[in-house]
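Report on the structure
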Amino acid sequence: MAEIRMDSAVYRWVIVSTDNPMSPADFEPEPRKKGTDSCPFCPGSEQMTPPEIAAVRPKGGQANDPSWSLRIFPNRFPALRIEGDLDRTGAGIYDLMNGVGAHEVIVETPDHSKDLADLQPEQMELLMRAFQERSIDLRKDKRFKYLLIFKNHGASAGASLSHSHCQLIALPIVPKRVMEEIRGADRYYEQNQRCVFCEMIRQETSERSRVVLETPEILCFAPFASRFPFELWLIPKKHAADFAASPPKLLKETGEALRQVLIRIKEVLRNPSYNFMIHTSPLAATPPEGYHWHIELMPRLTRVAGFEWGSGFYVNPTPPEVAAKYLRGEK
């Protein structure tokens, strides 16, 4: 019989199939295209992107030349544009505002053939530092209320270009999913005077059945109420609400933990498409007391269909305990 599980952070119910769980072999691998023809993210194609915002050039060089190892520039087709005022107005019972924000692309490697799982630890550390530096810089703009850092890997995850890259969007409002987490965390904190995410860490490290990887600073586990097969969370073991305030050691371990997990996903699930995003506190003067930043990583192995859209329930065909076992390398 299936189980209906609740995510204690957001009070979200998930149906988990426990009778005949799907294994990695039950999911079809997605074909990969890595052609480099006219790739705007490859070295030598810098004129095909907007002028860079920042870059890492270990051997020196000029802006927008091909000597970079990591490069950041505005998205050529941004979801939101940085110019202008919000001008929030009403339209009868509806609200609207101008599409003001920022949309940036972070290209993690000049090597078109490599994914995040193929990078070296020092490259992942540079990426985490780039995330932090852009977060600190963009929060100076008082129009922005939230910064979402995310990655789409593979066509079914929304990646329109095969050259590995991440994105950052600065928003003038706090996203609904983040607000749900914050409100759920606030409720739990008001009732128990404890962070619900810290409670998850304590329970997961005690039970161990859903833990995939642990370092001195980071815990990676399959959430009890996973929405998707092989969904993973990476979360700092010490309470922290704001990713941008992370000390260097935590950034380094976060990058390495993410790299190790992506290696396991690539090997076990045969290089699936995936999304990950950093959920952090809004750009407020005081971060929510009960909130805890974390990375959510979702391989794209199934599709959300009518039942999920109509009910708000997710159906997960692989229990998190089974997923964690495969990712730990256990038979």
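We now turn to the structure provided with this report. (Residues numbered from 1 in each chain as written. Predicted model: local features only at pLDDT ≥ 70, side-chain atom pairs only at ≥ 80, totals over all residues. Heavy atoms only, no water.)

**Some details on the environment of G184**
We apply this condition: Only DSSP runs of H or I reaching four residues or more are called helices, and only runs of E reaching two or more are called strands; each is numbered from the N terminus. Any two residues whose heavy atoms approach within 4.5 Å are treated as being in contact.
Tracing the chain through its elements places G184 in helix 2 (residues 176–192). Each C-alpha atom, one on G184 and one on Y11, is 6.8 Å from the other, the two residues being 173 residues apart in sequence. G184 has contacts with A9 and Y11, leaving out every residue within four places of it along the chain.

**Observations regarding the sheet that holds strand 11 (residues 218–221)**
Strand pairing in a sheet relies on backbone hydrogen bonds. The paired strands run either parallel or antiparallel. Definition in use: Any two strands with at least two DSSP bridges between them are considered paired. In this analysis, axes come from line fits to C-alpha atoms, helices being fitted only over the stretch in contact, and the angle between any two N-to-C directions falls in the range 0 to 180 degrees.
Strand order in the open sheet made by the ten strands is 3-4-7-9-8-13-14-12-11-10, with antiparallel pairing throughout. The sheet terminates laterally at strand 3 (54–56) and strand 10 (211–214), the two strands that pair on one side only. This sheet shows a mean twist of 15° between the axes of neighbouring strands, independent of strand direction. Helix-sheet contacts for helix 3 (residues 196–207) involve strand 10, strand 11, strand 12 (232–236) and strand 14 (294–299), and the interaxial angle to strand 12 is about 110°.

**Section: the sheet that holds strand 1 (residues 3–7)**
The mixed open sheet is built from three strands, whose spatial order is 1-2-15. Every other strand in the sheet has two partners, leaving strand 1 and strand 15 (314–316) as the edge strands with one partner each. Going across the sheet, the axis of each strand differs from the next one's by a mean of 35°, ignoring polarity. Taken together, the three bridges between strand 2 (residues 12–16) and strand 15 define a ladder with parallel strand orientation. By the bridge assignment for strand 15, V16 is matched with N316.

**A short note on the environment of E330**
This is how it is decided: Each residue gets one of three labels from its accessible area relative to the maximum for its type: buried under 20%, exposed over 50%, partly exposed in between, using a 1.4 Å probe on protein chains only. Definition of a polar contact: a pair of N or O atoms within 3.5 Å, with one able to donate and the other able to accept a hydrogen when the atoms are protein atoms, and with sequence-neighbouring residues admitted only if both atoms are side-chain atoms.
Position of E330 among the secondary structure elements: in the segment after helix 6 (320–327). The exposure class of E330 is partly exposed, given its relative accessible area of 36%. The spatial distance from the C-alpha of E330 to the C-alpha of Y189 is 36 Å, given a sequence separation of 141 residues. A polar contact of 2.9 Å, which involves the side chain of E330, links it to the side chain of R328.

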